[in-house]
Amino acid sequence: MARPKRPNKTIKKPTRPPQGLPDRDTLLAFIREQGEPNKAGIANAFGLKGADRRALREMLNALEAEGALGKRGRRGFAEAGAFPEVGVVDVVGKDTDGELLVKLVKGEETPVVSLAPGKEAGAGAPGMGDRLLVRFNQLETGEFEARLIKRLGQSAHRILGVVRKVRREVRVEPVDRRSKDSLLLPPGENVNDGDLVLATVESHGSRFGPKHGKLLEIVGREDEPRAASLIAIHTHGIPMGFSAAAEAEAEDAEPPTLSGREDMRDVPLITIDPQDARDHDDAVFAQPDDDPKNPGGWIAWVAIADVAAYVRPGSELDRIAREKGNSVYFPDRVEPMLPERLSNGLCSLREGENRACLAVRMVFGADGRKRGHTFARGLMRSAAKLSYEQAQAAIDGQPDDKSGPLLDRVLTPLWAAYACLKKGRDARSPLAIESLERKISINAEGEIDAITPRPSLEAHKLIEEFMIQANVCAAETLEQKKTPLIYRIHDAPSQEKIFSLADFLGSLGIAWTKGEAPRTDRFNKLLGETREGPHADIINEVVLRTQMQAIYSTENIGHFGLNLMKYAHFTSPIRRYADLIVHRALISALGLGSDGLSDRDISQMKGTAEEITFAERRAMAAERDATDRYVAAFLADKVGAEFDGRITGVTRFGLFVRLSGTGADGLVPVSRLGSEYFVHDDRMHALVGEKTGSRWPLGMTVRVKLAEATPITGGLLFEMLSEPAEPDKTAPRPRLGMRERSDRGPGGPGSYRGPKRGPQGRPKNIRSGKKGGPKR
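Note that the structure is a prediction, hence the values are computed from the model and not measured.

Undergrad: Got a sec to walk through helix α10 (residues 458-480)? Specific residues and values, please.
TA: Compared with an ideal rise of 1.5 Å per residue, which puts 23 residues at 33 Å, α10 spans 33 Å between its outermost C-alpha atoms and is within 8% of the ideal. Looking one or two places after α10, you find lysine 482, whose phi comes out positive at around 55°.

Undergrad: Would you mind going over the nonpolar core in detail, with residue names and values included?
TA: Side chains of a nonpolar character, in soluble globular proteins, are inclined to be buried together. Leu342, Leu411, Leu414, Phe466 and Phe570 are the most contacted members of the largest nonpolar core, which has 90 residues in total. Top contributing element to this core by residue count: α10, with 10 residues. Sequence-distant contacts of leucine 342, defined by excluding residues within four places in its chain, comprise Ala250, Ala253, Tyr310, Val311, Leu317, Cys347 and Ser348. Membership of the second largest hydrophobic core comes to 46 residues, among which are Leu431, Ile448, Leu526 and Ile539.

Undergrad: I'd like a description of the sheet that holds strand β31 (residues 695-697), backed by residues and values.
TA: Paired through backbone hydrogen bonds, the strands of a sheet run either parallel or antiparallel to each other. Taken in spatial order, the 3 strands line up as β29-β30-β31 in an open sheet, and their pairing is antiparallel. The sheet is open, and its two borders are formed by β29 (678-681) and β31, each paired with just one other strand. On average, each strand axis in the sheet is inclined to that of its neighbour by 20°, with strand direction left out of account. For strand β30 (residues 686-689) and β31, the ladder comprises 3 bridges, and the chain directions are antiparallel. Looking at β31, one finds that valine 688 is bridged to arginine 695.

Undergrad: Can you break down the environment of glutamate 479 residue by residue, with the values?
TA: Here glutamate 479 shows up in helix α10. Look past the residues within four positions of glutamate 479 in its chain and what remains in contact with it is Tyr487, Asn556 and Lys566. Among the polar contacts made by the side chain of glutamate 479, one reaches the side chain of lysine 566 at a distance of 3.3 Å.

Undergrad: Explain unusual backbone geometry residue by residue, including any values.
TA: A positive phi angle, close to 55°, is found at lysine 482, a residue other than glycine. Here the phi dihedral of asparagine 563 falls at roughly 55°; this positive angle occurs in a residue that is not glycine. Counting through the fold element by element, asparagine 563 comes out in the loop between β25 (551-553) and α14 (577-590).

Undergrad: Can you explain the packing of helix α12 (residues 520-530) against helix α13 (residues 536-546)? Please cite residues and give values.
TA: Two numbers describe how α12 lies on α13: the axes approach to 9 Å, and their chain directions differ by 165°. By the angle between their axes, α12 is roughly antiparallel relative to α13. Where α12 crosses over α13, the handedness of that crossing is left-handed. Counting all contacts with α12, which are made through Phe523, Leu526, Leu527 and Thr530, the residues of α13 involved are Ala536, Ile539, Asn540, Val543 and Thr546. Residues that form the contact of α12 with α13 fall into these classes: 6 nonpolar, 3 polar and no charged.

Undergrad: Give me the packing of aromatic side chains: which residues, what numbers.
TA: Under the defined criterion, the tally for this structure stands at 4 aromatic pairs. Measuring from ring centre to ring centre gives 5.6 Å for phenylalanine 375 and phenylalanine 570, while their planes differ by 85°; the resulting arrangement is edge-to-face. Of the two residues, phenylalanine 375 sits in strand β20 (residues 370-381) while phenylalanine 570 sits in the loop between β25 and α14, which places them 195 residues apart along the sequence. Since its relative accessible area comes to 13%, phenylalanine 375 is described here as buried. When the ring of phenylalanine 653 is compared with that of phenylalanine 656, the centres are 6.3 Å apart and the planes differ by 85°; the resulting orientation is edge-to-face. An aromatic cluster of three or more residues is present, and its members are Trp512, Phe523 and Phe560. Between the NZ or CZ atom of arginine 488 and the centre of the ring of tyrosine 552, over which it lies, the distance is 4.6 Å. Its guanidinium or amino end placed over the ring of phenylalanine 634, lysine 638 lies 4.4 Å from that ring's centre, counting from NZ or CZ.

The rules behind each value
- Residues numbered from 1 in each chain as written.
- Predicted model: local features only at pLDDT ≥ 70, side-chain atom pairs only at ≥ 80, totals over all residues.
- Heavy atoms only, no water.
- Helix = DSSP H or I, 4+ residues; strand = E, 2+ residues; numbered from the N terminus.
- Expected span 1.5 Å × (residues − 1).
- Core = buried A, V, L, I, M, F, W, Y, C linked by side-chain atoms within 4.5 Å.
- Buried < 20%, exposed > 50% of the residue type's maximum accessible area, 1.4 Å probe, protein only.
- Contact = heavy atoms within 4.5 Å.
- Pairing = 2+ DSSP bridges.
- Axes fitted to C-alpha atoms, helices over the stretch in contact; angles between N-to-C directions.
- Polar contact = N/O pair within 3.5 Å; in protein donor to acceptor, adjacent residues only side chain to side chain.
- Parallel < 35°, antiparallel > 145°, perpendicular 65-115°, else oblique.
- Left-handed = near helix turned anticlockwise from the far one by under 90°.
- Nonpolar A, V, L, I, M, F, W, Y, C, P; charged D, E, K, R; others polar.
- Phe/Tyr/Trp six-rings, centres within 6.5 Å; stacked < 30°, edge-to-face > 60°.
- Lys NZ or Arg CZ within 6 Å of the ring centre and 35° of its normal.

Encoded structure:
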């Protein structure tokens with residue numbers, strides 16, 4: 001990752017100062033304008049030479065001595081009390097409102113300033129002693145505030161861990177599997193073995209001994225059923241709960257009325273959601289278009305919960321929703337973006353209850369292409385709440401008592417409309433990567449009953465396509481009205497990723513032109529041609545890893561994966577702040593009320609897009625970590641059992657294997673792969689035996705034995721039972737890399753001979769390889 005550039009270290013060219021030795025005020029004004037010029041840059045800008053340069057040095061020293069100037073970095077200057085554009089700070093305290101206070105690291109003569117609330121979304125929640133990279137902004141009052149860019153690595157000052165009492169020592173063992181350092185607590189701390197605690201580093205103790213720390217909080221117990229989600233919440237800094245003011249605002253909310261709304265209660269909109277869904281923010285309905293100018297066309301309705309009617313700009317509910325960014329879903333619980341009174345109450349489109357909605361009526365031609373749409377702010381009443389399984393079963397000829405009466409009037413028209421929309425989707429050819437999801441079933445005691453694949457039903461695809469089209473309508477309307485909005489954008493794969501994909505496909509004998517521009521239909525052709533072949537799963541995986549990540553942005557570049565030029569999230573305002581902003585924008589653009597975008601919403605929209613992108617990444621990481629821990633707990637009593645799996649990641653230190661049944665991911669260390677050294681061939685995604693050429697390639701099906709399962713960290717360790725693949729005689733020999741360790745290699749178990757050395761003892765042809773595991 002490129003190191004961020006230091007701002008304003010060179011002289012800006014547009015303004016040329018008067019030539020000659022400046023006076024005090026001119027010099028200070030110049031430094032103020034330039035930011036952080038160094039001594040040589042200042043001298044060059046004023047055209048100083050010889051004695052004038054010495055005089056300038058004396059002026060700068062005098063201004064620094066009197067406190068008018070401060071040093072920036074090693075040689076730059078800035079006005080005392082001025083802040084760089086971007087800087088590294090330490091968290092040094094809290095103000096009376098509980099907001100964090102930060103100070104520049106490098107002995108700067110700058111005051112302590114507040115860290116803007118909600119900016120911790122991208123890096124986990126900062127705490128006392130954390131080191132952060134921030135951007136400084138000057139407020140209208142003239143004061144400065146710091147806006148978090150990222151936390152610089154794992155906090156070295158706070159540890160979430162498990163208490164281990166050994167003799168007279170009380171240690172905190174970190175739950176982060178990447179951390180090796182334990183923390184020693186004072187012997188008098190009132191904690192029990194197995195407590196989950198937050199502790200802070202007080203001192204580093206002796207040179208080789210453990211760090212000494214102080215207990216901050218007892219979070220729970222490691223053997224509690226909810227430990228996995230609690231650890232994920234605290235590790236990733238997921239904001240929990242709501243302030244009393246926010247809860248009070250939610251409690252004061254009143255049921256909706258017809259005032260200012262269209263009466264849509266006669267439209268038989270229904271919700272179709274997962275069986276265990278608690279909130280319902282979208283409802284659908286479809287009917288044939290009776291317009292003779294649109295033969296074979298369809299009208300599709302998508303109604304979305306009108307969250308903007310309850311969460312107003314500038315309210316405490318709005319502040320907290322923006323800070324949270326989205327709801328976070330764990331196998332055993334949800335950390336919602338909005339209080340339950342709203343998320344599971346007034347904003348949830350409950351069956352048979354009046355609810356405020358923002359709806360879009362879409363007209364499609366017989367070819368599946370959208371011909372037009374209109375938005376309305378309405379009052380609706382859901383005709384039914386169905387699960388995906390219920391709706392699909394009814395269409396497949398097995399209706400139940402609830403879905404049966406809806407079959408002819410609601411469900412059959414919905415499926416017919418989807419068949420029409422699918423024509424347009426197929427013509428558009430969005431990316432057709434198959435992603436197998438797993439469902440973790442938790443019983444009443446919080447223990448895992450089963451881990452099973454989630455079925456992929458046509459009902460899922462129907463709802464997905466209806467939501468996509470509604471999101472397109474939102475973006476198109478706001479662009480047409482020239483209203484600021486937050487887009488959901490997805491960039492095309494980089495050239496580097498395409499080259500890597502082409503190399504991998506070449507190792508399988510599949511041609512891919514490296515210079516070919518990435519197109520969704522080209523990816524789909526590859527996936528379709530290999531879907532029934534032996535490499536289908538891994539090609540699907542590699543194509544997925546080739547894609548960029550979608551983000552929120554005020555600048556539109558389109559959505560590559562969906563093959564759409566205008567796209568914005570509109571359909572889930574209960575659980576995504578981005579959608580709430582889009583709702584407000586529509587209300588303002590279409591004159592649907594006084595509760596649309598505020599001036600503050602508009603001025604902060606770019607920052608909001610960045611923050612909610614960070615919050616989304618944070619939530620995804622927390623959900624993934626919690627799932628890993630639950631899976632490890634589920635497998636903990638199966639150590640020694642054998643499983644079938646597939647290699648899904650190849651690194652210089654080992655192989656990542658995904659088990660076929662549970663989808664659990666674990667590591668086979670390179671030390672357990674055989675009796676020779678293995679070289680990581682990153683171009684071919686394989687570990688290759690240095691002597692025999694035997695291979696462990698990405699995608700290979702293998703048999704492994706579970707050696708370790710550690711629920712507290714979510715780590716799984718496997719032993720390889722399968723034999724490696726035969727050498728690929730057509731592939732070029734990989735360049736020699738760092739020799740890896742083998743339990744059965746020369747020198748005995750656990751031996752490591754180091755890299756090959758040349759005649760003068762220098763390392764020969766060493767490549768460090770890529771750190772870390774594969775991207776998930």
